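Chain by chain, the residues run as shown.
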Amino acid sequence: MARFFFIFFLFTLFSPFIFADQKGDENTDEEVIAPVIELTNTPADQWLKDPVLPSTKVNIRGSSAGGTLLPELGTTLAQPVTDYGKVGGVQQVRGLGRSVDDTGVEAMGVPLNLPQGGGVDLSAFPSFLWSEARYVRGPSPGAYDGLASTGTLSLTPWTAQALKGGTAGARFGGLISNQDLRQYFVGLKPTDDSAVMAGYSDGRLKGVSGSASAHRKFQENAEWHLHLLGTNVKAKTEGSLSFPTPHQTQTTSRVIPVFQLDYRFDPQKVLQTEFYYDWGTIKIEDPDSAFNNSESHSTQYGNESVFRNGPMKFSLSARQRTFELTGFKAPTDTLGNVSMGYEIKSGAHLLEPSVSVNALTALGVHPDASLGYKYTWTEFVSVYSKLATSVKYPTMSDRYFVTTGFIGNSALQPERDWTGILGMRASFSDWGAGLEWFHQRRTNVMLQKTLTTPANTLTMTNQGQAWLNSFTARVQSPMFYQFQGETEASLNHSKVISTGTEFPYLSRTISVARLRLIPLSDPDVLQFAAAFRWVSPFVATTAGDHLPSYGTWNLSGKARVIKWGERGLFVGLECDNLFDRRYQAVKDYPSPGRMVALQVVGEI
C-alpha cells in the first residue's frame, strides 16, 4: 500500500517536469484562438463543473434560524432532505437516491461523506463557515469516491471565497434563537493571501468551528493553496418518540487540512493536484444507559491530480480510509480512479465523451463511461443530454460492521447504475427557466435483510434491480413591484423491483417557491424573502410505512442600520416553520416547531 501512494506522490511531484517539454511553439506573434484553460478552485472542480450539465447555485447567508445549511438548501432545491428534528439533530442532503450516501458532499475537493456511511451531518458544520453551495444532478466521471451516483453538493468556505475577491475583508455576526441556540462568528482577511473564520455555538449545539485559507504564487506560473476546516460540536440528541433518550449527546469532531498546487505550462496546459487528510470522531454519551454509549473514529487521506491540455482532461486519484467503532476495527480500504474526458466543439454543438476506471480493494476494478451533448440554440437557450454508467461501492459499515444484532457482508457487490439526463435551460435578463428529466436504472441493489438464524439479525444483501424517474422544472422571473420570484418542482417515481416498494423518503412531489424583495436603488438597504416548501406523502421505511405530506413557510428579512463604504451592519429576523406545522421529515422524529432567530451580521 505504501508503494501505491509513493507512486502517486512521485507523479504529482514531478508532473511539471514531465510535461514541461510539451509547450510547443512559443512564437508570440501567432494568434491564439483557443480559450485559456481556467484554474478551478480544486482539482475536483475540473469534473464537477460539468461543461454539459448545469448546476444550481445557493448563496449562503451568514447564519440561519437553525444554525445550519438545511433551511437554505431546503427552500432552494426541490430535493429530499433528512432532518431528525430539534436543533443539533442530524441533518443531511438526501437527493434523488435511496440513501444519503447516493449524494456526494464535498468541500475543497475533499469528500465529506463519512467512510462508514451515513452521508455527512450538516449540523456539525454551522452555516457561518460557508459562502456558497452548488448542486448538480447525475454521476461525475471524476467522482472516484464510488458513492455519489445521483448528484453532488459542493460547499465553498468563506475563507476560500474571500481569497478569490468579491467578498468583504471582514465578516462578523451573531444569532439568538428561541430554540436554545446562540452562535457568534468572525472572519478576517488580513492580507490578500490569507483569510480565517472562527465561530462558537452555544445551547443545544455547543462547540467551536472554523476554517482558514492561504495561497501564494511562488513562480510566475505556479501557485500553492492551503486550507484547513475544523469543527468540534456537541449536540443534544434526545432520541425518537419510540426510544427517548432525554440526556443523550453526540459530539462530532473533524479536522481536514488540504494542500493544493496549481501549475500552468502555457494557456492550454494546466496541472492541479492536492493532498488532504481527514480525521473524524463521533462520540455518543448517555448517562441513563450503558448501551447507548459508543465512539467511532474514521480517517481518510489521499491525492487527486488533474491535467488539462486544451479540450482533454485527465485525472489520477487515490484515497485510503479507515473506520473503527468501540470494540471493532474494519479492514483498511483503498480506492483509486483514473478518468479521461475530451470536449469536442463545433459551432453550437458540444460533445464530451469520458471514460473512467474505479478500483476498491477486495472488490476489484470497475470501468465507467459517459457521453454528454449540449446544443446552444441561441445565447439565451440551450439543450443538453447525458448518458452515463457508474458504480456505487458499499459503505464500510455495509461490508464490515460487526456488533450485537448486525452483521455486515464483506462480499457485498457494488451497485451498477445506468443514468440518462435530458434538459433545457433558458435565461433572459431577470428571467430564467429550466426543464430536466432524470432516469436511472440499477442492479445489485443493496437492502437490509432480516435473518431468522441467528434471531433478528440484520445484514446487507444484493436484491436485484431498481429504477427511478424524476422530472424537474425551475422558473425564475420578476414579479410585481420590486420582487423576484423563484420556483422549482420535482415529480419523482421509483421502484425496487424485488420488494415492490418505492425509495424511502423520496416523495412523489416536492416543490419550493421563494419571493424576494430586491430594491432597485440600493439592494442592501432592505431585503425580504418568503419561501415555501411542499412535500407530498412519502414512503419512510423499506417496509412501506408512509408519512403524511407537509408544507412549511420561511420568512426572513434584514436591514442595513449602519453603512461603511460599500458594506455595513445588518440586522435580520428569520422565522422558519411560520405556522408551527407538526410534521416529520424522518419517521418518529417530529420537527422542533416554529424557529425564530434574531441575527446581526457586519461586513467591512
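Our structure's up above, just so we're on the same page.
An account of the accompanying structure is given in this report. Only a predicted model underlies this, so the values are computations on that prediction, with no experimental measurement involved.

Parameters and conventions
Residues numbered from 1 in each chain as written. Predicted model: local features only at pLDDT ≥ 70, side-chain atom pairs only at ≥ 80, totals over all residues. Heavy atoms only, no water. Helix = DSSP H or I, 4+ residues; strand = E, 2+ residues; numbered from the N terminus. Rg over C-alpha atoms; globule rule 2.2 N^0.38 Å. Buried < 20%, exposed > 50% of the residue type's maximum accessible area, 1.4 Å probe, protein only. Contact = heavy atoms within 4.5 Å. Areas by Shrake-Rupley, 256 points an atom, 1.4 Å probe, with all protein chains shown as cover. Lys, Arg positive; Asp, Glu negative; His and termini not counted. Charge placed at Lys NZ, Arg CZ, Asp CG, Glu CD. Salt bridge = Lys/Arg side-chain N within 4 Å of Asp/Glu carboxyl O. Polar contact = N/O pair within 3.5 Å; in protein donor to acceptor, adjacent residues only side chain to side chain. Core = buried A, V, L, I, M, F, W, Y, C linked by side-chain atoms within 4.5 Å. Pairing = 2+ DSSP bridges. Phe/Tyr/Trp six-rings, centres within 6.5 Å; stacked < 30°, edge-to-face > 60°. Lys NZ or Arg CZ within 6 Å of the ring centre and 35° of its normal.

**Topic: the overall build of the chain**
Logical step 1: Summing up its helical and strand segments, the chain has five helices and 39 strands in all.
Logical step 2: Rg of the C-alpha trace for the chain: 24 Å, near the compact-globule value of 25 Å for 604 residues, within the 12% margin.
Logical step 3: Structurally, the chain occupies a C-alpha span of about 75 × 65 × 45 Å along its principal axes.
Logical step 4: A total of 604 residues make up the chain; the buried ones form 56% of that total.
Logical step 5: Of the contacts made within the chain by residues no fewer than 6 positions apart, 61% connect residues no fewer than 24 positions apart.
Logical step 6: Working note: accessible area of the chain is about 25,700 Å², and carbon and sulfur atoms make up 61% of it.
Logical step 7: Computed over 53 positive and 56 negative side-chain charges, the separation of the two mean positions in the chain equals 5 Å.

**Quick look at the pattern of salt bridges**
Logical step 1: Enumeration according to the criterion identifies 31 salt bridges in this entry.
Logical step 2: Put simply, Glu132 and Arg134 hold a salt bridge, and the shortest N to O gap is 3.5 Å.
Logical step 3: Using a relative accessible area of 31% as the deciding quantity, one classes Arg134 as partly exposed.

**Observations regarding unusual backbone geometry**
Logical step 1: The backbone of Ala362 shows a phi angle near 75°, a positive value even though the residue is not glycine.
Logical step 2: Within the element layout of this structure, Ala362 appears in the loop between strand E20 (349-360) and strand E21 (364-376).
Logical step 3: Given the relative accessible area of 71%, Ala362 is considered exposed.
Logical step 4: Phi at Asp580 is positive, roughly 55°, even though this residue is not glycine.
Logical step 5: By relative accessible area, which is 25% here, Asp580 ends up partly exposed.

**What about the environment of Ser470?**
Logical step 1: Along the chain, Ser470 turns up in strand E29 (residues 466-478).
Logical step 2: Counting along the chain gives 47 residues from Ser470 to Leu517, while the straight-line C-alpha distance between them is 31 Å.
Logical step 3: Looking at Ser470, its side chain comes within polar contact range of the side chain of Asn492, at 2.7 Å.

**Points about the nonpolar core**
The nonpolar side chains of a soluble globular protein tend to be buried, and buried together.
Logical step 1: Grouped together as the largest cluster of nonpolar side chains are 44 residues, with contacts concentrated most on Leu73, Trp130, Leu153 and Leu155.
Logical step 2: Residue contacts for Trp130: discarding those within four places in its chain leaves Ile60, Leu69, Ala107, Phe125, Leu155, Thr156, Pro157, Trp158, Arg171 and Leu229.
Logical step 3: Grouped together as the second largest cluster of nonpolar side chains are 15 residues, Val52, Leu53, Ile421 and Phe438 included.

**Structural notes on the sheet that holds strand E1 (residues 56-59)**
Logical step 1: Reading across the sheet, the five strands line up as E1-E6-E7-E4-E5 and stay open at both edges, with mixed pairing between neighbours. One side of each edge strand has no neighbouring strand; the edge strands of this open sheet are E1 and strand E5 (110-111).
Logical step 2: As judged from the two bridges shared by strand E4 (residues 103-107) and E5, these two strands associate in the antiparallel manner. In the sheet register, Ala107 faces E5, and the bridge partner there is Val110.

**Re the packing of aromatic side chains**
Logical step 1: According to the stated counting rule, one finds 10 aromatic pairs in the structure shown.
Logical step 2: Relative to Phe538, the ring of Tyr505 has its centre 5.7 Å away and its plane inclined at 45°; by these criteria the two rings are tilted. A residue pair is termed long-range when its members are at least 10 positions apart, and Tyr505 in the loop between strand E30 (483-496) and strand E31 (509-517) and Phe538 in strand E33 (residues 538-539) qualify at 33 residues.
Logical step 3: A relative accessible area of 14% places Tyr505 in the buried class.
Logical step 4: Taken together, the ring pairs in this structure connect Tyr263, Phe265 and Phe307 into an aromatic cluster.
Logical step 5: In this structure, Lys313 is placed above the aromatic ring of Trp47, and the distance from its NZ or CZ to the ring centre is 4.6 Å.
Logical step 6: Stacked on the ring of Phe570, the Lys or Arg Lys558 has its end atom at 4.7 Å from the ring centre.

**Considering the pairing of strand E6 (residues 130-137)**
Logical step 1: Counting buried positions over the eight residues of E6 gives seven, a clear majority of the element.
Logical step 2: One ladder, built from seven bridges, connects E6 with strand E7 (residues 151-157); its direction is antiparallel. Within E7, the position partnered with Glu132 by the bridge is Thr156.

**A short note on the side chain of Thr252**
Logical step 1: On the secondary structure map, Thr252 appears in strand E13 (residues 249-266).
Logical step 2: Discounting residues that sit within four places of it in the chain, Thr252 has contacts with Ala124, Thr231, Asn232, Val233, Thr281 and Ile282.

**What about the pairing of E7?**
Logical step 1: Of all the seven residues making up E7, seven are buried; the element is thus mostly covered by neighbouring parts of the structure.
Logical step 2: Neither face of E7 is left uncovered, since the one carrying Gly151, Leu153, Leu155 and Pro157 and the one carrying Thr152, Ser154 and Thr156 both have all their residues buried.
Logical step 3: For E4 and E7, the ladder comprises five bridges, and the chain directions are parallel. Paired with Gly104 across the bridge in E7 is Thr152.

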